[in-house]
Amino acid sequence: ATVHMAVTVEGFSSSSNTAFLPSNGLRTASATFSTHATVHMDAESSLDTRAVKSIERKLAEANLSLNRHATLTTPAPTLSVEEMEVTNGMPWSDTIGESDHPDPLLYMPFWEWQLEHMKSSLTNLQTDESSLADFGYMDNNSKKARIVNQCYTSDEYRKIRMTYYDAGDNTQVFNSVWYPDPKYNLPVLGIDLLAFNRKKYLAIVDFQPLYQDEEDHALTYEHRLKPIKDQYESLKGQMSSKFYDETQFFSKQMLFARFEDEEVVADDLFPAFQRYVKLHNKLIKEVEPNTDDMEAVLERQAAYDTYSAERDPATGLFAAMFGKEWADDFVFDFLFSLSERKEGGLQIPPMFGGGGPPGRPPQQGAPQGSPSKETVSKA
C-alpha cells in the first residue's frame, strides 16, 4: 500500500490522556505545540495506530533536524529551556519509592549539573518536543516507579536526550546520549549510570565511535581521554560481552565500573563524568563543520541506534514497569529514534541488575560493528 505521511500533533498529553503540565500544575499556553500534516493511506494499507504514531514521531524529529539547516526562519520551540527544565516537577527532590538514604535520588546531581553545563556551554540550545507528548513522563504507582525524559538540540548537537528513572532504593538510573550534529563527524557521547538496592552500581561513560578506525573521525580523541581515565582506578573495569561487544561502538578509553562502594559515585564518577562531557564539547568546537559528510554521519548514528536498541539491557526494566508496548515505542521512537524497528518489537535482553527474561539479544540483522569510513563510502 502506498502511504503518504505528514505529522499532526496537537497539544501535550501523555499516553494516559493526562495533560502535560509544568511543575506548578497549571496549564499554560506555552505548554502546547502544533505541527500540522495529513496522513493518507490506500484502503489496502495495514498500518495500525501505533505504527502511524511511530512514523509521525520520527518525521517530527527529522523535520526538526532539517529545520536547523534551512535558510528560512523556522518557528521557535513552544517550551523554553527554562520551562522544559521544570516540567513534571524536575528536578525532583524526593523519591516516589522507599529509601533509607538522605539523598534518595542518587544521580540527580548529574542531571542538574549537565543541564546547567548545557545552558552555559552550547550555542542556540533549544528544546526538542517531538516525542515528549508520549514519553515525557510515565509512572507505575503500584510498583513505586517513575521515569522522566527531556530532549534538547543545539548548533553543536542534533539531539541530547536525558532520562531519569526513580524507584527508590530499589533502582536509580541516569541515562543520557549526546548526538553531534551531522556536520561534525565525531563520536556519540553516551552516559549510563545505574544503582540497584544501593548496594550494586554500574557506570558507563564513553565517546562511542561511529567508525572502527579512530582516524576515520574528524579528529582523534582517545589520547585526550586516556589522561582522564588514568586518574580513576575505580573506572577501569572490563565490560561483559553478555550485553555488548565492546569492539562495536565503544572506545578503548570507555569509563566502565561495577562497584559496591557508593563513595565511588561522588569521589570518582562525578568528576570523571564532568571532564568527559566538557572534553566532548571542546572537540566539537575544534572541528570545522563539514556538510559534505552529513549523510554518512547520520547513517552511522542510525547504525549505532539500531545496535543499541537491540541490546540495551534496561529495556527489560521498562517493559516490566510500564508494559512491553510502551517500552517498544520508548526504545525505538525516543531512546534510539533512528533505529530500525523489527517485526515483533523488542527481544528483551537480561538486565544489568540480574533480572529480566533470560537469553541473549538478537544477532540476526544487527549492524556489523563500526566499519571503516572507506567501507561506508563504498556502500
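Preceding this paragraph is the structure being described.
Worth saying up front: this structure is predicted, and the values here are computed from it rather than measured.

What counts, and at which threshold
- Every chain's residues receive numbers from 1 upward, in the order its sequence appears when written.
- It should be noted that, the model being predicted, local features are given only for residues of pLDDT at least 70 and side-chain atom pairs only at 80 or more, the latter also being counted only at that level, while totals for whole chains, interfaces and linings use all residues.
- Working from all heavy atoms in the structure, the side-chain values ignore hydrogens and water.
- Where helices and strands are cited, they refer to DSSP runs of H or I of at least four residues and of E of at least two residues respectively, numbered from the N terminus.
- Between buried and exposed lies partly exposed: a residue is buried under 20% and exposed over 50% of the maximum accessible area for its type, with that area taken using a 1.4 Å probe on protein chains only.
- Contacts between residues were defined by any pair of non-hydrogen atoms, one from each residue, lying within 4.5 Å.
- Each accessible area is a Shrake-Rupley estimate made with a 1.4 Å probe; only the visible protein chains count as cover when residues are assessed.
- By nonpolar core is meant a set of buried Ala, Val, Leu, Ile, Met, Phe, Trp, Tyr and Cys residues that side-chain atoms within 4.5 Å join together.
- Here is the rule: rings of Phe, Tyr and Trp (six-membered ring for Trp) pair when centre to centre is within 6.5 Å. Planes less than 30 degrees apart are stacked, more than 60 are edge-to-face, and the remainder are tilted.
- Charge-over-ring contacts are defined here by two conditions on Lys NZ or Arg CZ: a distance within 6 Å of the ring centre and an angle within 35 degrees of the ring normal.
- Only protein atoms enter the 1 Å grid, on which a cavity is a set of points fitting a 1.4 Å probe that cannot get out and a pocket is an open set with protein on both sides within 12 Å along at least 5 of 7 lines, lining residues being those with an atom within 4 Å of a point.
- Grid points are joined across faces, edges and corners, and a volume is the space filled by probe spheres set on the points.
- Salt bridge, as used here, is a side-chain nitrogen of Lys or Arg placed within 4 Å of a carboxyl oxygen of Asp or Glu.
- In this scheme, strands are said to pair when DSSP sees at least two bridges between them.
- Fitted lines through C-alpha atoms give the axes, limited to the stretch in contact for helices. The angle between two N-to-C directions lies from 0 to 180 degrees.
- Each angle receives one of four descriptions, namely roughly parallel if under 35 degrees, roughly antiparallel if over 145, roughly perpendicular if within 65 to 115, and oblique otherwise.
- By definition, any crossing whose near helix is turned counterclockwise from its far helix by less than a right angle is left-handed, and any crossing with a clockwise turn is right-handed.
- All amino acids are sorted into three groups, where Ala, Val, Leu, Ile, Met, Phe, Trp, Tyr, Cys and Pro are nonpolar, Asp, Glu, Lys and Arg are charged, and the leftover types, Gly among them, are polar.

### So, the overall build of the protein
Part 1: Tallying secondary structure elements over the protein gives 10 helices and 12 strands in all.
Part 2: Across the 379 residues that make up the protein, the buried fraction comes to 54%.
Part 3: Within the protein, contacts between residues separated by at least 24 positions form 71% of all contacts whose residues are at least 6 apart in sequence.
Part 4: Entry remark: accessible area of the protein is about 16900 Å², with carbon and sulfur atoms responsible for 49%.

### Side note on the nonpolar core
In globular proteins that are soluble, nonpolar side chains generally tend to be buried together.
Part 1: Judged by nonpolar contacts, the single largest core of 96 residues is most densely connected at Tyr107 and Phe174.
Part 2: For this core, the leading source of residues is helix H6 (residues 263–286), giving 10 residues.
Part 3: Excluding its chain neighbours within four sequence positions, the residues that come into contact with phenylalanine 174 are Tyr107, Phe110, Trp111, Gln114, Met162, Thr163, Tyr164, Ile191, Asp192, Leu193 and Phe273.

### Considerations on the packing of aromatic side chains
Part 1: Overall, the coordinates contain 22 aromatic pairs when judged by the stated rule.
Part 2: Three or more aromatic residues joined by ring pairs form one cluster here, namely Tyr107, Phe110, Trp111, Trp113, Phe174, Phe270 and Phe273.
Part 3: Positioned over the ring face of tryptophan 92 is arginine 146, at 3.6 Å from the centre of the ring.
Part 4: The aromatic ring of phenylalanine 334 is capped on one face by lysine 159, whose charged end is 5.4 Å from the ring centroid.

### Thoughts on empty space enclosed by the protein
Part 1: The full count for this structure, using the stated rule, is three cavities of 30 Å³ or more.
Part 2: Empty space within the second largest cavity amounts to approximately 80 Å³.
Part 3: Around the second largest cavity sit Thr163, Val173, Asn175, Asp192, Leu194, Asp312, Ala314, Phe318 and Leu335, which together line it.
Part 4: Elements with a minimum of two residues in the lining of the second largest cavity: strand S9 (171–180) and strand S10 (188–196).

### Topic: the pattern of salt bridges
Part 1: Tallying each qualifying case throughout the model produces 14 salt bridges.
Part 2: Residues lysine 285 and glutamate 156 are paired through a salt bridge, measuring 3.9 Å at the closest nitrogen-oxygen approach. A residue pair is termed long-range when its members are at least 10 positions apart, and lysine 285 in helix H6 and glutamate 156 in the loop between strand S7 (145–153) and strand S8 (157–166) qualify at 129 residues.
Part 3: Residue glutamate 156 is classed as buried on the basis of its relative accessible area of 6%.
Part 4: The shortest N-O distance in the salt bridge between arginine 198 and aspartate 169 comes to 3.9 Å. Taken together, the positions of arginine 198 in the loop between S10 and strand S11 (200–208) and aspartate 169 in the loop between S8 and S9 put the pair 29 residues apart, joining distant regions of the chain.
Part 5: Judged by relative accessible area, arginine 198 falls into the buried class, the value being 7%.
Part 6: In this structure aspartate 169 comes out as buried when scored by relative accessible area, which is 13%.
Part 7: Where salt bridges share partners, they join Asp103, Asp169, Arg198 and Glu262 into one cluster.

### Structural notes on the pairing of strand S6 (residues 137–140)
Part 1: With burial as the criterion, only one face of S6 is covered, namely that bearing Met138 and Asn140; the residues Tyr137 and Asp139 on the opposite face remain uncovered.
Part 2: Bridge count between S6 and S7: four bridges; the pairing is antiparallel. Counted as the bridge partner of methionine 138 is isoleucine 147 from S7.
Part 3: What sits between S6 and S7 in their antiparallel hairpin is a turn of four residues, with lysine 144 showing a positive phi close to 55 degrees.

### Let's talk about unusual backbone geometry
Part 1: With an omega of -10 degrees, the peptide bond between methionine 90 and proline 91 qualifies as cis.
Part 2: Mapping proline 91 onto the fold places it in the loop between helix H2 (81–85) and helix H3 (108–121).
Part 3: For asparagine 197, which is not a glycine, the phi torsion comes out positive at approximately 60 degrees.
Part 4: Along the chain, asparagine 197 turns up in the loop between S10 and S11.
Part 5: For asparagine 197, a relative accessible area of 46% translates into the label partly exposed.

### As for the packing of helix H5 (residues 222–229) against H6
Part 1: The N-to-C vectors of H5 and H6 enclose an angle of 160 degrees; their axes lie 11 Å apart at closest approach. Taken together, the axes of H5 and H6 are roughly antiparallel relative to one another. Handedness of the crossing formed by H5 with H6: right-handed. Residue-level inspection shows Arg224, Leu225, Ile228 and Lys229 of H5 in contact with H6, the latter providing Arg275, Tyr276, Leu279, Lys282, Leu283 and Glu286.
Part 2: Class assignment of the residues belonging to the contact of H5 with H6 gives a composition of five nonpolar, no polar and five charged.

As far as function goes, none of this settles anything; it's purely spatial.
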